[in-house]
Amino acid sequence: MTATIIDGKAIAAALRLRVGEQVGRWKAEHGLTPGLAVVLVGEDPASQVYVGSKARQTVECGMKSFEHRLPATTSQAELLAVVARLNADPQVHGILVQLPLPKHISENAVLEAIDPAKDVDGFHPVNAGRLATGKPNLVPCTPLGCIALAKTVHPRLDGLDAVVVGRSNIVGKPVAQLLLIENCTVTIAHSRSRDLPAICRRADILVAAVGRPLMITRDWVKPGATVIDVGINRIDASGKSRLVGDVDFTGVMEVAGAVTPVPGGVGPMTIAMLLNNTVTAAAGIHGLEVPKLF
Ligand code: NDP
């Protein structure tokens with residue numbers, strides 16, 4: 001058996017198109033143009049690439065993009081002042097502070113300073129609490145992307161056994177909470193879990209969010225399962241550097257029903273969901289119905 005490859009690139013492109021159409025309708029009907037502000041502190045090369053593609057895709061969807069690139073020497077007080085200005089700016093509906101921040105700045109202090117109504121990353125405790133209590137509003141982007149990909153295979157997730165490997169606040173926990181809201185029976189595994197292969201073999205839906213290259217092999221996967229690989233790991237293979245996930249894609253393809261590739265699976269969904277969240281935030285701020293775009 002060979003699994004279906006879940007094409008995150010194409011699914012993300014279709015979502016961006018729907019976001020663009022929604023923005024077009026709001027411009028015509030309400031004169032409303034959603035705006036997304038991204039704040040980058042320092043010169044981390046990977047973060048610069050992310051911020052650049054976020055800005056480009058925001059504009060391509062017809063939204064306003066505001067970029068704030070600050071030097072690595074920016075103090076916490078200066079960064080909090082930028083966040084306060086963006087909180088008060090009526091043109092800005094979504095605020096994203098790119099992580100990681102330089103060590104002298106408390107990430108918690110900055111994330112908690114963002115107005116929860118504009119928190120398009122969904123990391124503010126108010127939004128984390130809403131998700132945990134089953135009343136989500138702005139939900140972290142990568143977990144939302146995982147659910148959207150799983151739903152391309154199982155439009156209804158009701159009653160399926162889901163296993164999430166990883167319990168971070170940005171991926172593992174919110175993915176598990178979303179799967180619970182979808183009525184899956186959810187197991188969260190982590191570095192202290194016993195007999196991880198046996199736990200994973202129970203899964204109809206297996207989400208890997210660990211950060212360990214190729215950890216999940218074919219013998220960990222139930223035949224026919226849907227495997228969502230969040231991991232992004234750079235490895236050296238025969239003198240060349242390449243990106244791989246947490247899942248041994250080639251082996252797992254032989255037993256699973258559907259698998260997301262790395263790259264081209266969960267990764268592209270993250271920015272598409274950021275754009276979706278900016279639309280959700282703009283709807284909330286302007287008292288409009290939140291459009292269902294995926
Ligand atoms: P974290 O390092 O914050 O969390 C990793 C989790 O994996 C922890 O809960 C940890 O357990 C668990 N873990 C570590 N080793 C093992 C092991 N041997 N067996 C079982 N569980 C283990 O990572 P993130 O959640 O931030 O990210 C996970 C991966 O997803 C990374 O590769 C990251 O690059 C990628 N990522 C991809 C995104 C995308 O857009 N595609 C976005 C965000 C992340 P414990 O809690 O016990 O330590």
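Residues numbered from 1 in each chain as written. Predicted model: local features only at pLDDT ≥ 70, side-chain atom pairs only at ≥ 80, totals over all residues. Heavy atoms only, no water.

Caption draft 1: Representation of the packing of aromatic side chains. This model, assessed by the stated rule, comprises 0 aromatic pairs. The cationic tip of Lys292 hangs over the ring face of Phe294; the distance from NZ or CZ to the ring centre is 5.5 Å. (Phe/Tyr/Trp six-rings, centres within 6.5 Å; stacked < 30°, edge-to-face > 60°. Lys NZ or Arg CZ within 6 Å of the ring centre and 35° of its normal.)

Caption draft 2: Broad picture of the domain arrangement of the protein. One can read the domain layout of the protein as domain 1 (31–115) and domain 2 (141–268). A straight line from the C-alpha centre of domain 1 to that of domain 2 covers 29 Å. (Domains from an automatic or database assignment.)

Caption draft 3: Spotlight on the environment of His124. Mapped onto the secondary structure, His124 falls in the loop between helix 4 (107–113) and helix 5 (125–132). You can call His124 buried: its relative accessible area is 9%. Note: C-alpha distance between His124 and Ala113 (11 residues apart in sequence) is 8.3 Å. Those residues within four positions of His124 in sequence are excluded, and the remaining contacts are Leu111, Glu112, Ile114, Pro116 and Asp119. (Helix = DSSP H or I, 4+ residues; strand = E, 2+ residues; numbered from the N terminus. Buried < 20%, exposed > 50% of the residue type's maximum accessible area, 1.4 Å probe, protein only. Contact = heavy atoms within 4.5 Å.)

Caption draft 4: Region of interest: the site of the ligand. Taken together, 22 residues surround the ligand, and among them Arg167, Ser168, Ser191, Arg212 and Thr270 come closest. At 2.5 Å from an oxygen atom of the ligand is found a side-chain nitrogen or oxygen belonging to Ser168. Across the complex, the protein chains shield 69% of the 930 Å² of accessible surface that the ligand would expose by itself. With 3 residues, the top contributor of residues to the shell around the ligand is helix 10 (residues 266–286). Of the residues that constitute the shell around the ligand, the class distribution is 10 nonpolar, 10 polar and 2 charged. (Near = heavy atom within 4 Å. Polar contact = N/O pair within 3.5 Å; in protein donor to acceptor, adjacent residues only side chain to side chain. Areas by Shrake-Rupley, 256 points an atom, 1.4 Å probe, with all protein chains shown as cover. Nonpolar A, V, L, I, M, F, W, Y, C, P; charged D, E, K, R; others polar.)

Caption draft 5: Spatial organisation of helix 1 (residues 8–30). In this model, helix 1 (23 residues) spans 32 Å end to end at C-alpha, consistent with the 33 Å of a helix rising 1.5 Å per residue. Listed as buried for helix 1 are Gly8, Ala12, Leu15, Val19, Gln22, Val23 and Trp26. Considering only its buried residues, helix 1 is in contact with helix 6 (141–153) and helix 10. (Expected span 1.5 Å × (residues − 1).)

Caption draft 6: Layout of the side chain of Gln57. With respect to the helices and strands, Gln57 occurs in helix 2 (residues 45–60). Setting aside residues no more than four positions away along its own chain, Gln57 makes contact with Arg16, Ile271 and Leu275.

Caption draft 7: Spotlight on the sheet that holds strand 3 (residues 64–70). Here we have 3 strands laid out as an open sheet, ordered 3-2-4, and parallel in their pairing. Every other strand in the sheet has two partners, leaving strand 3 and strand 4 (94–97) as the edge strands with one partner each. Across the sheet, the axes of successive neighbouring strands diverge by a mean angle of 15°, strand direction being ignored. Here strand 2 (residues 35–41) pairs with strand 4 via 4 bridges, running parallel. Across the sheet, residue Ala37 finds its bridge partner in strand 4, namely Ile95. Each of strand 2, strand 3 and strand 4 is contacted by helix 3 (residues 76–88), which is oriented at about 180° to strand 2, the strand it contacts most. (Pairing = 2+ DSSP bridges. Axes fitted to C-alpha atoms, helices over the stretch in contact; angles between N-to-C directions.)

Caption draft 8: Local environment of the sheet that holds strand 8 (residues 226–229). The 6 strands lie next to each other as 1-11-8-7-5-6, forming an open sheet whose pairing is parallel. Where the open sheet ends on each side, the last strands, each with one partner, are strand 1 (4–5) and strand 6 (185–189). Direction of pairing for strand 5 (residues 161–165) relative to strand 6: parallel, over a ladder of 5 bridges. Looking across to strand 6, one finds that Val163 is bridged to Thr187. Each of strand 7 (205–208), strand 8 and strand 11 (258–259) touches helix 6; the most contacted strand, strand 8, lies at about 155° to it.

Caption draft 9: Highlighting the nonpolar core. Val19, Leu157, Leu179, Val207 and Ile228 are the most contacted members of the largest nonpolar core, which has 52 residues in total. Taken together, the elements giving at least two residues each to this core come down to helix 1, strand 2, helix 6, strand 5, helix 7 (172–181), strand 7 and helix 10. Counting residues per element, this core draws most heavily on helix 10, which supplies 10 residues. If you count residues domain by domain, this core takes at least three from each of domain 1 (31–115) and domain 2 (141–268). If near-sequence neighbours (up to four positions away) are discounted, Ile228 is found in contact with Ile6, Cys146, Leu149, Ala150, Leu206, Val207, Ala208, Thr260 and Val266. With 21 residues, the next largest nonpolar core counts Val163, Val165, Val252 and Ala256 among its residues. (Core = buried A, V, L, I, M, F, W, Y, C linked by side-chain atoms within 4.5 Å.)

Caption draft 10: Broad picture of the pattern of salt bridges. With the rule as written, the count across this model stands at 6 salt bridges. The closest approach of N and O atoms between Glu60 and Arg56, which form a salt bridge, is 3.5 Å. Taken as a pair, Glu60 and Arg56 lie in helix 2 at a separation of 4 residues, close to a single helical turn. Among the residues examined, Glu60 registers a relative accessible area of 57% and is labelled exposed. (Salt bridge = Lys/Arg side-chain N within 4 Å of Asp/Glu carboxyl O.)

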